[in-house]
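Coordinate inspection notes
The primary structure of each chain is shown beneath.
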Amino acid sequence: MFPVYYRQLARAAFAYPAIDNHAHPLLTEEHRDTLPFEGLNSEAVGEALVDDSIHTLACYRSTFQLAKLFGLKSGEDSWEAVKEKRAGLDYAQLCKMCMQPSGIQCILIDDGLSGVRDLAEGYRWHDQYTCSPTRRIVRIEVEAQNMLLDLARSLPYEVDSSTVSDLLVTFTHDFEARIVTCANDNEVAGFKSIACYRTGLDISTSGAKEDVENSLLEAWTQYKATGDLRFKQKALNDYLVRIVLRLAGQYKKPVQFHTGLGDNDITLTKSSPAHMQPIIKAFPETTFVLLHSSYPYSRDAGYLTAVYKNVYLDFGEIFPCLSADGQRAVVKQILELSPTNKILWSTDGRWWPETYYLASVQSRQVLYDVFADCIRREELSENQATAIVEKMLFHNSNRLYGLGLTPKLDIIM
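Presented here is an overview of the structure given in this document. (Residues numbered from 1 in each chain as written. Predicted model: local features only at pLDDT ≥ 70, side-chain atom pairs only at ≥ 80, totals over all residues. Heavy atoms only, no water.)

Along its length, the chain carries 17 helices and 8 strands. In summary, the chain has a C-alpha radius of gyration of 22 Å against a globular reference of 22 Å for 413 residues, a match within 12%. Its C-alpha atoms put the chain at 75 × 45 × 35 Å along the principal axes. Within the chain, counting contacts between residues at least 6 apart in sequence, those at least 24 apart form 79% of the total. Distance between charge centroids for the chain: 6 Å, based on 42 positive and 53 negative side chains. (Helix = DSSP H or I, 4+ residues; strand = E, 2+ residues; numbered from the N terminus. Rg over C-alpha atoms; globule rule 2.2 N^0.38 Å. Contact = heavy atoms within 4.5 Å. Lys, Arg positive; Asp, Glu negative; His and termini not counted. Charge placed at Lys NZ, Arg CZ, Asp CG, Glu CD.)

Written as structure tokens, this is what we have:
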């Protein structure tokens, strides 16, 4: 089962239980084919996703691995053959065959992804595929938008420039109360912000009340005109993030931030976590988790984990979105400077069970490859390398999120 060399390391890399510190729900059986399956390997949208992403090295590798999982014969391992095969599988069987070999003991699920409410399963549904209960990650922008929608149905006055100040007071009070309720909920492991998508990671450490009021009025006016509410006003977004950072620090709940890798809705130059230095300094009691390896700014993220006690780095989403060489390069870049007790594993699994499978299989292989090289070059002992892998897969997240789990060592037989 394991490679011939460094058997102790191999057992850790390929069979040690993992805590998935950031993922999303799977589609319901009814909606299993609602979204283009090409999203398995890419965050692109439209023609860039359907026409081009299937020609990446990442997709070729995923095709090969899924063809093997599905039992396709050599010569039948095309992307279309994989899609056809999965379409013919019973959905429960498909989920089981992807989740069972992943070695995931516990999943922390961000259920605020757009479309989840209509298309996906609830977070507790995923417990059937893990040994430990699934926990929630609360997406703060979605919580805030939902709260404003609730207010819209009950406000006794029209919102304009003369009343928006009152609206901000009520909205702030209700939002803070909601965050405190979440922080006190044992099923909530932490919070997450998608400020990176909305207005960038250059989050202001303070803001004028008038600017926040004007932003709130703009969001409200757009909602009334279009029926669509999406916070894309910087002053308002930054204000909400500061509230959560303050309360999360008080209640000792980590706050995850989308950084780097994403779709074309992101302004790439504002997705580097380097922009976050001022806000990290402003909230030293709050734990920041930089998601998605911060790719292509992985070294920036590693630097921040090295110089700030309250910063951790997740090395997810690059599996399976990058080529194998790209994945190894990113993990090596992270390890250049980042303390190994602050690196967290995740799948960024979403929609399709194959995302969990591929992320697990590919990341475990990369961990073995990278640390086997370190041992071969006599930079680490095998005992040291093994302990680091076990920390990255399980113990770091277990400690950071206060999960109190004991690793189930027979999770992959």
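Let's pick the thread back up.
On to the side chain of D20, then. Mapped onto the elements of the fold, D20 is located in strand β1 (residues 18-23). Put simply, D20 is tucked away with no salt bridge, and the nearest opposite charge, on R350, sits 9.7 Å away. Setting aside anything within four residues of it in sequence, one finds D20 in contact with I104, C106, I107, L108, W345, S346, T347, D348 and Y356. (Buried < 20%, exposed > 50% of the residue type's maximum accessible area, 1.4 Å probe, protein only. Salt bridge = Lys/Arg side-chain N within 4 Å of Asp/Glu carboxyl O.)

In this chain, Y295 is followed by P296 through a cis amide linkage whose omega measures 5 degrees. For P296, the location among the structural elements is in the loop between β6 (288-290) and α13 (298-307). A cis amide bond, omega 10 degrees, links F319 with the succeeding residue P320. Turning to its location among the elements, P320 is positioned in helix α14 (residues 318-321). A positive phi angle, close to 55 degrees, is found at Y6, a residue other than glycine.

Within the structure shown, the criterion is met by 10 aromatic pairs. Between F37 and W352 the ring centres are 6.0 Å apart and the planes differ by 85 degrees, which places this aromatic pair in the edge-to-face class. Remark: W352 occurs in the loop between β8 (343-344) and α16 (353-376) and F37 occurs in the loop between β1 and α2 (47-52); sequence separation between them is 315 residues. A single burial state applies to F37 and to W352, both of which are buried. With a centroid separation of 6.2 Å and 85 degrees between ring planes, the pair formed by F315 and F319 is classed as edge-to-face. As far as the burial class goes, F315 and F319 line up, both buried. Across the ring face of F37, the terminal group of R86 is positioned such that the distance to the ring centre comes to 4.1 Å. (Phe/Tyr/Trp six-rings, centres within 6.5 Å; stacked < 30°, edge-to-face > 60°. Lys NZ or Arg CZ within 6 Å of the ring centre and 35° of its normal.)

Looking now at the side chain of D238. Tracing the sequence through the fold places D238 in helix α11 (residues 234-251). The exposure class of D238 is buried, given its relative accessible area of 1%. Excluding residues that lie within four positions of it along the chain, D238 makes contacts with T199, D202, I203 and S204.

Moving on, we get to the pairing of strand β4 (residues 188-193). Among the 6 residues of β4, 6 are classified as buried, and the element is accordingly described as predominantly covered. In the sheet, strand β3 (residues 135-139) pairs with β4 via 4 bridges, with the strands oriented parallel. Bridge pairing in β4 links V138 to F191. Pairing analysis gives 3 bridges linking β4 to strand β5 (residues 255-257), with the strands arranged parallel. When the bridges of β5 are listed, K192 appears paired with Q256. (Pairing = 2+ DSSP bridges.)

Our focus in this paragraph is the packing of helix α8 (residues 164-183) against helix α10 (residues 209-226). Relative placement of two packed helices is described by the angle separating their axes and the distance separating the axes. One can describe the packing of α8 onto α10 by two numbers: an axis separation of 9 Å at closest approach and a directional angle of 95 degrees. Considered as vectors, α8 and α10 are oriented roughly perpendicular to each other. Judged by residue contacts, V164, S165, L167, L168 and F171 of α8 engage K209, V212, E213, L216, L217 and W220 from α10. When its residues are assigned to classes, the contact of α8 with α10 shows 8 nonpolar, 1 polar and 2 charged. (Axes fitted to C-alpha atoms, helices over the stretch in contact; angles between N-to-C directions. Parallel < 35°, antiparallel > 145°, perpendicular 65-115°, else oblique. Nonpolar A, V, L, I, M, F, W, Y, C, P; charged D, E, K, R; others polar.)

Throughout the structure, instances matching the rule amount to 0 disulfides. A disulfide-free cysteine, C321 has its sulfur positioned 11 Å from the sulfur of C59, the nearest such atom. (Disulfide = S-S within 2.5 Å.)

The next point concerns the environment of S193. Within the element layout of this structure, S193 appears in strand β4. Under the relative-accessibility criterion, S193 is labelled buried at 0%. Sequence separation of S193 and H258 is 65 residues, and the distance between their C-alpha atoms is 6.6 Å. In contact with S193, other than residues within four places in its own chain, are I140, E141, V241, Q256, F257 and H258. Polar side-chain contacts of S193 include one of 3.0 Å to the backbone nitrogen of A195. (Polar contact = N/O pair within 3.5 Å; in protein donor to acceptor, adjacent residues only side chain to side chain.)

Before going further, it helps to spend a moment on the pattern of salt bridges. This model, assessed by the stated rule, comprises 24 salt bridges. Here E354 and R86 are joined by a salt bridge, their closest N and O atoms 2.6 Å apart. Taken together, the positions of E354 in helix α16 and R86 in helix α4 (residues 79-87) put the pair 268 residues apart, joining distant regions of the chain. Exposure class is identical for E354 and R86. Each is buried. R230 is paired through a salt bridge with D265; the nearest N and O atoms lie 2.7 Å apart. With a gap of 35 residues between them, R230 in the loop between α10 and α11 and D265 in the loop between β5 and α12 (277-282) connect regions that are remote in the sequence. Each of D111, R136, E143 and R178 takes part in one network of salt bridges that share partners.

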